[in-house]
Amino acid sequence: MKVTVPIPVKKVYEMKGPKRVQEILKELGLPYESVIVIYQQDLLTPDAVVPDDAEIEVRPAISGGEA
Amino acid sequence: MKCTKCGGKAVVPIKRHNAAFCAEHFFEYFENQVERAIKEHRMFRRGDKILVAVSGGKDSLAVWDVLLRMGYEAHGLYIDLGIGEYSQRSKEKVLKFAEQRGATLRVVSIEEEFGLGTPEFARKAGRPACSACGLNKRYLFNREALRGGYDVIVTGHNLDDEAATLLGNILNWNVGYLARQSPVLEATAPNLVKKAKPLYRLTEREIASYCVLRGIDYIVEECPMAKGAKSIEYKYLLNQLEELSPGAKARFFFGFLEKGRPHFEAEQEKVEVRPCQVCGQPTTAEVCAHCRMLQRVGAAAAP
């Protein structure tokens, strides 16, 4: 599967599927609380299984700076 | 994972509430949290004229969207910070959002106001970019709200922002800030417009989820000037805590509001607030921090 993390610098990872979202995030070292996982314009929960041929986006939800 | 309310397929789990929601019930949860924030802190009422500070990011567009859906008279204020292509892209997102909803949008440009974009402005001011930018924004929010006759300025601050700010203020024992940190900042002086943060009960993940599910096209990339900001590090640390102990961020911030802040507020010395001799906005000095910064940069402020 293809996993795109768009920020801070866009990175694309190839991973072997099927795999649960929580395992993907563990490999990426990203806590679920700080991201959203998008597949075909829908959101995936940590227990969702991502098939090998899927392309997903793991989008960090954290922003910074002084408001 | 199933929706706690209807048993349908869940798309947003919320561990601190021991719940998970489908899109429809997540929207209901989201609006309920916003409504609760508005009522508990008497942020504004139906019929009030609201100015929403919008950046093109998820938080500000989400709060503008939800207030419009809830029937509030909410206009947008976009400040073009003059940060190259980042500002161009964020402005496009805001213009598109307003156009799609037929919403009223005011636009102000830092370059047109002060002659310089934020990077150059901050360099000349000798301040970190986020600090100079924050001072410019706060000044312009208040000025535009006064000019437009708005009752309240709304910002997209969320639970992660507030918890990270609180952590920073405690680590440095900034007692003055601890006395003032609140979901609502009252208009305590003439020419000062009330400020409110209706998203303070919601996390960044919930707000990003709301935007994706509502089809709100926000700017995903981080402001290039905010790279390495302490607040981002604090947020990652707090989210690690949240994973270990769901609800940690909410307990930390809501507990502070209930038990910590009153203590710091009581300890705070009363300071005299007067109009700035240059721009007329409230300040504790003769000339406000924003006008002093403009003087250093060599720019003039329009009153």
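Since this is a predicted model, take the numbers as computed values, not measurements.

A. View of the overall build of chain A. Regarding its fold elements, chain A presents 1 helix and 7 strands. Walking chain A from its N terminus toward its C terminus, one meets helices and strands in the order β-β-β-α-β-β-β-β. By the compact-globule yardstick of 11 Å for 67 residues, chain A fits well, its C-alpha radius of gyration being 12 Å. Dimensions along the principal axes, computed over C-alpha positions, put chain A at roughly 40 × 25 × 20 Å. For chain A, the share of sequence-separated contacts (at least 6 apart) that also reach a separation of at least 24 residues comes to 49%. Accessible surface computed for chain A: about 3,500 Å², of which carbon and sulfur atoms make up 48%. With 8 positive and 11 negative side-chain charges, chain A shows a spacing of 5 Å between the two charge centroids.

B. Spatial organisation of the packing of aromatic side chains. Residues and elements named next belong to chain B. All chains considered together, the criterion is met by 14 aromatic pairs over all chains. By way of ring pairs, the aromatic residues F21, F26, F27, Y29, F30 and Y210 are connected into one cluster. The positively charged end of R214 is found above the aromatic ring belonging to F27, 3.7 Å away from the centroid.

C. Inspection of the interface of chain B and chain A at higher detail. Listed by partner, the interface residues are 36 residues for chain B and 24 residues for chain A. Here chain B and chain A share an interface that buries about 2,700 Å² over both sides, 58% of which is from carbon and sulfur atoms. Seen at the junction of chain B and chain A, the total is 3 salt bridges. The shortest N-O distance in the salt bridge between K249 of chain B and E33 of chain A comes to 3.5 Å. For the pair chain B and chain A, the interface holds 10 residue pairs in polar contact (both at pLDDT 80 or more).

Quick notes on the rules
For every chain, the first residue of the written sequence is number 1, and numbering continues from 1 along that sequence. Chain A is the first chain written and ligand 1 is the first ligand written, with later ones labelled in order. Confidence filtering applies because this is a predicted model: local features only for residues at pLDDT of at least 70, side-chain atom pairs given and counted only at 80 or more, and all residues used for totals across whole chains, interfaces and linings. Side-chain figures throughout are based on the complete set of non-hydrogen atoms in the structure, without hydrogens or water. Under the scheme used here, helices are H or I runs from DSSP no shorter than 4 residues and strands are E runs no shorter than 2 residues, and both carry numbers assigned from the N terminus. For the radius of gyration, the atom set is restricted to C-alpha positions; the globular benchmark scales as 2.2 Å times the number of residues to the power 0.38. Contacts between residues were defined by any pair of non-hydrogen atoms, one from each residue, lying within 4.5 Å. Only the protein chains shown count as cover for residues, and all accessible areas are computed by the Shrake-Rupley method using a 1.4 Å probe. Under this rule, positive means Lys or Arg and negative means Asp or Glu; His and the chain ends count for nothing. By convention, the point assigned to a charge is CZ for Arg, NZ for Lys, CD for Glu and CG for Asp. Think of it this way: a Phe, Tyr or Trp ring, Trp meaning its six-membered ring, pairs with another when their centres are within 6.5 Å, and the plane angle makes it stacked under 30 degrees, edge-to-face over 60, tilted otherwise. Working rule: Lys NZ or Arg CZ, within 6 Å of ring centre, within 35 degrees of ring normal, means a charge sits over the ring. Each of two parts loses accessible area, computed with a 1.4 Å probe, when they are put together; buried area is these two losses added. Salt bridges are defined by distance alone: a side-chain nitrogen of Lys or Arg within 4 Å of a carboxyl oxygen of Asp or Glu. We define a polar contact as two N or O atoms separated by no more than 3.5 Å, with the added condition that, inside protein, one atom must be a possible hydrogen donor and the other a possible acceptor, whereas residues neighbouring each other in sequence contribute only through side-chain atom pairs.

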